[in-house]
Amino acid sequence: MKPARALALPLGLGAVVSALVLGCTGGPDGWPDRPGPKVVASFPPVASIALAVAGPDAVVLPVMSGQSPHGGEPKPGDLRLLRRADLFVINGLGLDDRLATKFAATAGRPVRVVNLGASIDPKDLLDGGACEHDGHDHAAHAADGDNTDPHAWLGLKHARTFATKLAGELAAIDAPHAADYAARAAAFHAKLDAVQADGAALLKDKKDRKFLPFHASMAYFAQSFGLTMVDPIQSVPGQEPTPKKLDEIVKACLDQKVRVIAVEPQFSAQSSAKRVRDELTRRGLADVVMVELDPLETCPAGELSGDWYAAKMRANVVALAGALK
Ligand SMILES: [Zn+2]
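A few points on the structure. Predicted, not measured: the structure shown is a model, and the values here were computed from it. In every chain, residue numbers begin from 1 and rise along the written sequence. Restriction of local features to residues with pLDDT of at least 70 applies here, the model being predicted, together with a cutoff of 80 or more for giving and counting side-chain atom pairs; totals for whole chains, interfaces and linings are based on all residues. By convention in this description, side-chain values take in all heavy atoms of the structure and omit both hydrogens and water.

The helix and strand labels rest on DSSP assignments: H or I over at least four residues marks a helix, E over at least two residues marks a strand, and numbering proceeds from the N terminus. Considering the arrangement of structural elements, one finds Lys38 in strand β1 (residues 38–41). We call two residues in contact when some of their heavy atoms are within 4.5 Å. Those residues in contact with Lys38, other than ones at most four positions away along the chain, are Trp31, Val59, Arg84, Ala85, Asp86 and Leu87.

Okay, here's the thing in structure tokens:
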């Protein structure tokens, strides 16, 4: 390894690279001993869709599983995986692009980065506070004026696009299995079609179609099922609102009769959500409920599979349909 290369990196990453150099000599590279393209995915939903398309013909490993993609940092093991990867799959749209740049700089050889978000027709993207999503780059985002909502994986249409893109990328480096990748992408599409149809059926007669999200993640999900939202409780992921902001949220919910509050398994405290619920109830809004919606930003170890994404999306719409009237 060349010390000069590590020194040229940002300070924190330089330390990671040093740990990697010291820790990996002669150790396992983290990849199972299986044939097929090696795919690293930046976080769980991207990994799950990649697993669904890869089937037994390619190996997919996630990085960052236990951390929020909003400004998480790679671990030495993550970097080690990338050094033998053929593809590095990211969501893009300002969420994990910088992670990909950091990884690529330390891989020691060119790794093809597959930016799934870039395959979405820009007219199908929503606005939504991208500058609040990467703790390191507020100024850069504000400067380039990009306010794209990065949570594209939570839209069923976009998840289908992701699968199609992945099938094409895998076919390009593994032509003998091209038809298998295409068939699995088609099966994934059919599974999402069923989630969408079943969700639409559950929501068909609901007059009450609004909810209060916990962080600004669920706009593409709401769009998939014809639902609407008021401004989120946490406009910056992980940061609780001020008393003034809480008051504005309560007022908006009262004005629009929003009685369903979405909370996320990733945020354990959620005391602000409970305060909103109690305040709405105190001020006379009937049947205020909290319902757990998972934006799939993290996944407990051992749960990730090619079926995980569709199952979680189904669970989300079932939970929400159970709460709306
Ligand atoms: Zn998010």
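Having seen the model, we can carry on.
A word on the sheet that holds strand β3 (residues 87–90). By the convention used here, strands pair only if DSSP detects at least 2 bridges between them. The strand order β2-β1-β3-β4 describes an open sheet built from four strands, whose pairing is parallel. Looking along the sheet, the strands with just one partner apiece sit at the ends: β2 (59–62) and β4 (112–115). Geometrically, the sheet is characterised by an average inter-axis angle of 25 degrees between neighbouring strands, direction not taken into account. Across four bridges, β1 lies against β2 in parallel orientation. Bridge pairing links Val39 to Val60 in β2. Geometry is summarised by axes, namely lines fitted to C-alpha atoms with helices restricted to the contacting stretch, and by angles between N-to-C directions that run from 0 to 180 degrees. Packing against the sheet, helix α5 (residues 97–106) makes contact with β3 and β4, and its axis sits at approximately 160 degrees to β3. In this fold helix α7 (residues 156–173) packs onto β1, β3 and β4, with an angle of close to 175 degrees to the strand it touches most, β3.

Their axes nearest at 10 Å, the elements helix α10 (residues 243–256) and helix α11 (residues 271–282) cross at an angle of 50 degrees. Between α10 and α11, the angle falls in the class oblique. The chirality of how α10 crosses α11 is right-handed. Along the contact surface, α10 presents Leu246, Ile249, Val250, Cys253 and Leu254, while α11 presents Ser272, Arg275, Val276, Glu279 and Leu280. These descriptions rest on fixed angle ranges, namely under 35 degrees for roughly parallel, over 145 for roughly antiparallel, 65 to 115 for roughly perpendicular, and the rest for oblique. A crossing counts as left-handed when the near helix is turned anticlockwise from the far one by less than a right angle, and as right-handed when that turn is clockwise.

Nonpolar cores were defined as sets of buried Ala, Val, Leu, Ile, Met, Phe, Trp, Tyr and Cys residues, with membership established by side-chain atoms within 4.5 Å. Burial classes follow relative accessibility: with a 1.4 Å probe on protein chains only, a residue under 20% of its type's maximum area counts as buried, one over 50% as exposed, and anything between as partly exposed. Counting 57 residues, the largest nonpolar core has Phe211, Phe221, Tyr309 and Leu320 as its most contacted members. Of all elements in the fold, only β1, α3 (44–54), β3, α7, α8 (178–203), α9 (219–224), β7 (260–263) and α12 (308–323) reach the threshold of two or more residues within this core. For each domain, the first and last residues come from an automatic or database assignment. Both domains that furnish three or more residues to this core are identified here as domain 1 (3–195) and domain 2 (206–323). Setting aside its immediate chain neighbours within four residues, Phe221 contacts Leu154, Gly155, Leu293, Met313, Asn316, Val317 and Leu320. By size, the runner-up hydrophobic cluster in this structure holds 17 residues, among which are Met64, Phe88, Leu99 and Val111.

Backbone geometry places Asp287, a non-glycine residue, at a positive phi of 55 degrees. Mapped onto the secondary structure, Asp287 falls in the loop between α11 and β8 (289–292). Positive phi, normally seen in glycine, also occurs at Leu296, with a value near 65 degrees. Mapped onto the elements, Leu296 comes out in the loop between β8 and α12. Under the relative-accessibility criterion, Leu296 is labelled buried at 0%.

When two helices pack together, their arrangement is given by the angle between the helix axes and the distance between those axes. As a packed pair, α3 and α8 sit with axes 7 Å apart at the nearest point and diverge in direction by 125 degrees. Taken together, the axis directions place α3 and α8 in an arrangement best described as oblique. When α3 is examined against α8, the residues Ile49, Ala52, Val53 and Ala54 are found in contact with a partner set consisting of Tyr181, Arg184, Ala185 and Phe188. Any residue that is not Ala, Val, Leu, Ile, Met, Phe, Trp, Tyr, Cys, Pro, Asp, Glu, Lys or Arg is counted as polar, Gly included; the first ten are nonpolar and the last four charged. Residues belonging to the contact of α3 with α8 are distributed by class as follows: seven nonpolar, no polar and one charged.

Classification of ring pairs uses Phe, Tyr and Trp, with its six-membered ring standing for Trp, and accepts pairs whose centres are within 6.5 Å; under 30 degrees between planes counts as stacked, over 60 as edge-to-face, and the remaining range as tilted. In this structure the tally under the stated criterion is three aromatic pairs. With a centroid separation of 4.8 Å and an interplanar angle of 85 degrees, the aromatic rings of Phe43 and Trp153 are classed as edge-to-face. Within this pair, whereas Phe43 is found in the loop between β1 and α3, its partner Trp153 is found in the loop between α6 (138–144) and α7, the two being separated by 110 residues in sequence. We classify Phe43 as buried; its relative accessible area is 1%. By relative accessible area, which is 0% here, Trp153 ends up buried. Pairing Phe221 with Phe225 gives two aromatic rings, centres 5.2 Å apart and planes at 55 degrees, and the pair type is tilted.

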